[in-house]
Amino acid sequence: MAGWKMGTVGRLGLGGLAVASGLLASAWIASGQFIRRRRPDPPVNPMAYGLEAERVRFPSRDGITLSGCWIPAKRRRGTVILLSGQGGSFDSDLIHAPALVRHGYDVLLFDFRGHGQSQGEYVSWGCYEWLDLLGALDFLKDRGIKQVGLLGFSMGAAVAIRGASQTEAVAAIISDGCYVDLVKAISGWAATWGIRGRAIELFAHLMLKMVNWRLGCRVEEASPIRWVGQLPPRPILFIHGERDPFVSQDDFLALWHAARAPKERWIVPGAGHREADKLYPAAYRQHVLRFFDRYLADRYRG
C-alpha cells in the first residue's frame, strides 16, 4: 500500500511537472510571437491619394534606422506625425493623410522598429518605440519644424503619450484606441476568440514576464497611464470606441481620470477598436481637424 501511494504521488508529481513545463513552453512561444517582427502591409503609393511624397530615412534616438514618408502641404498650418499601431506598416494609415494635407498640415508617417521597411527585429510595445518618435522629432527639427501634433493609433497612441511627456516639441496629441493595460488587452483579444477566464490573465502575466526578459525592459512601464498626467499644458483628445474589445470602459475611464486638463474625449457609439473613422468618417475628420486647428495651427515652426 505504501508503495502504491508513493507511486501515485510520484506520477502526480510528474504529471504536474509536465503541465508546468508545457505552460512555460507555451508562454515562451507566445512571448516570441508577441514581439516578433511584423510583416509589412501591401505597399500603398501616396499618389493613389493624389499626394506628392518623399521617402525618408532617419535614426531613432538609439540608432535604429527608420523608414518613413514625408508629405508637405502647400498651404501650411502645421505638421502632424501619424503613429501607426503594431502590425504591418504605415501604408494602411496613409488614408488619414489627404484630409490633413488638404487642410494645410504637413504629414510624416514612419514605420516603428520591427515594422515595414524600418530596422529592428522586435516590437517592444512602447518600451523603445518612444525613442523612434523622438528620432522623428529630430528629423523634423533638422527641417526647421519645432512644434508638431501627434495622431496615434492603438500602440501608436501609447507611444505618443509617453514620447510627448519627454519633450516640448509636441503641441497637441490625439489618441485613437489607446490601450491601457496589456494584460487586459490580451484577455480582450482572447475573448474575441471565445476564450475567457482567470487562466488567460495568469497566462498573459507569465508571457509578459518572458517578454520583459527577451527585451531587457518592463513593458508595464510603457503603459500610457503612467505618463499621461505629465502632458499638460499640452492638450489631448481621446477617441475611444464604445465597444472596443481590448480597452474596457473602466480602463478608458482610468486613463481619462489620470490625464489632466486640457483634455477632451469622443466616445464613439457602437465602435470597436479603431473603428471610429470607418463608422463616422466625416465626424472623425471634423474632430481631428478642429482639434489641431485649435491647438496646433501656425505653430509648426515654433
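Before reading on, note that the structure itself is shown above.
In short, a report on the structure. (Residues numbered from 1 in each chain as written. Predicted model: local features only at pLDDT ≥ 70, side-chain atom pairs only at ≥ 80, totals over all residues. Heavy atoms only, no water.)

## Digging into the overall build of the chain
- Tallying secondary structure elements over the chain gives 9 helices and 8 strands in all.
- For a compact globule of 302 residues, the expected C-alpha radius of gyration is about 19 Å, and the chain comes in at 22 Å, within 12% of that figure.
- When its C-alpha atoms are laid out on the principal axes, the chain stretches across 90 × 40 × 35 Å.
- Taken over 302 residues, the chain has a buried fraction of 53%.
- Put simply, of all contacts in the chain between residues at least 6 apart along the chain, 74% involve residues at least 24 apart. (Helix = DSSP H or I, 4+ residues; strand = E, 2+ residues; numbered from the N terminus. Rg over C-alpha atoms; globule rule 2.2 N^0.38 Å. Buried < 20%, exposed > 50% of the residue type's maximum accessible area, 1.4 Å probe, protein only. Contact = heavy atoms within 4.5 Å.)

## Focus: the environment of E54
- Along the chain, the position of E54 falls in strand β1 (residues 54-59).
- The class for E54 is partly exposed, based on a relative accessible area of 34%.
- Those residues within four positions of E54 in sequence are excluded, and the remaining contacts are G68, C69, W70 and R143.

## Observations concerning the sheet that holds strand β3 (residues 78-83)
- Strand order in the open sheet formed by 8 strands is β1-β2-β4-β3-β5-β6-β7-β8, and the pairing between neighbours is mixed. Each end of this open sheet is capped by a strand with a single partner; those strands are β1 and β8 (263-268). On average, each strand axis in the sheet is tilted by 20° relative to the strand beside it, whichever way the strands run.
- Pairing geometry for strand β6 (residues 170-176) and strand β7 (residues 236-241), over 4 bridges, is parallel. Bridging from a neighbouring strand, D176 pairs with I239 of β7.
- Relative to the sheet, helix α7 (residues 249-258) contacts β7 and β8, its axis offset from that of β8 by approximately 165°. (Pairing = 2+ DSSP bridges. Axes fitted to C-alpha atoms, helices over the stretch in contact; angles between N-to-C directions.)

## Looking at the pattern of salt bridges
- Inspection of the entire model under this criterion finds 14 salt bridges.
- Notably, a salt bridge pairs R113 with D62, separated by 2.8 Å at the nearest N-O pair. Of this pair, R113 sits in the loop between β4 (105-110) and α3 (129-142) while D62 sits in the loop between β1 and β2 (65-71), and the two are 51 residues apart along the sequence.
- According to the relative accessible area criterion, R113 is buried, its value standing at 5%.
- Given the relative accessible area of 38%, D62 is considered partly exposed.
- Across the pair D277 and K278 runs a salt bridge, and its minimum N-O distance is 3.9 Å.
- Assessed through its relative accessible area of 16%, D277 is described here as buried. (Salt bridge = Lys/Arg side-chain N within 4 Å of Asp/Glu carboxyl O.)

## Remarks on a nonpolar patch on the surface
- A cluster of nonpolar side chains, W28, I29 and W213, forms an exposed patch at the surface whose accessible area comes to about 400 Å².
- In this fold, W28 is placed in helix α1 (residues 2-35).
- The exposure class of W28 is partly exposed, given its relative accessible area of 36%. (Patch = residues over 30% accessible without salt bridge, like charges linked within 9 Å, V, L, I, M, F, W, Y side chains within 5 Å. Areas by Shrake-Rupley, 256 points an atom, 1.4 Å probe, with all protein chains shown as cover.)

## Digging into the side chain of S223
- You can see S223 is positioned in the loop between α6 (198-215) and β7.
- For S223, a relative accessible area of 12% puts it in the buried group.
- From its side chain, S223 meets the backbone oxygen of V180 in a polar contact 2.8 Å long. (Polar contact = N/O pair within 3.5 Å; in protein donor to acceptor, adjacent residues only side chain to side chain.)

## Comments concerning the packing of aromatic side chains
- Counted under the stated rule, the structure contains 12 aromatic pairs.
- Each member of the aromatic cluster is reached from another via a ring pair, and the members are F58, F110, F112 and F139.
- The ring of W28 has R214 lying over it, and the distance from NZ or CZ to the ring centre is 3.7 Å.
- Above the ring of W256, the side-chain terminus of R265 is found at 4.6 Å from the ring centroid. (Phe/Tyr/Trp six-rings, centres within 6.5 Å; stacked < 30°, edge-to-face > 60°. Lys NZ or Arg CZ within 6 Å of the ring centre and 35° of its normal.)

## Comments concerning the packing of helix α5 (residues 182-192) against α6
- α6 packs onto α5 with a crossing angle of 130° between their chain directions and a minimal axis gap of 9 Å. Taken together, α5 and α6 sit at an angle that is classed as oblique. Considering the relative orientation of α5 and α6, their crossing is right-handed. Seen from α5, the contacting residues are L182, V183, I186, S187 and A190; seen from α6, they are I200, E201, A204, H205, M207 and L208.
- Partitioning the contact of α5 with α6 into residue classes produces 8 nonpolar, 2 polar and 1 charged. (Parallel < 35°, antiparallel > 145°, perpendicular 65-115°, else oblique. Left-handed = near helix turned anticlockwise from the far one by under 90°. Nonpolar A, V, L, I, M, F, W, Y, C, P; charged D, E, K, R; others polar.)

## Quick notes on empty space enclosed by the protein
- Counting across every chain of the model gives 2 cavities of 30 Å³ or more.
- Roughly 50 Å³ of internal volume is contained in the largest cavity.
- Going through the elements one at a time, β7 and α7 are the ones with two or more residues in the lining of the largest cavity.
- Broken down by element, the residue count for the lining of the largest cavity peaks at 3 residues, all from β7.
- Here the lining of the largest cavity is built from residues that sort into 6 nonpolar, 3 polar and no charged.
- In this structure, the second largest cavity occupies an estimated 30 Å³ of space.
- Lining the second largest cavity are S84, G85, G87, G88, S89, F90, F110, D111, F112 and H115.
- A per-class count over the lining of the second largest cavity returns 3 nonpolar, 6 polar and 1 charged. (1 Å grid on protein atoms, 1.4 Å probe; cavity = no way out; pocket = protein on both sides within 12 Å on 5 of 7 lines; lining within 4 Å. Points joined across faces, edges and corners; volume = space filled by probe spheres on them.)

No statement about biological role is implied by the geometric values presented.
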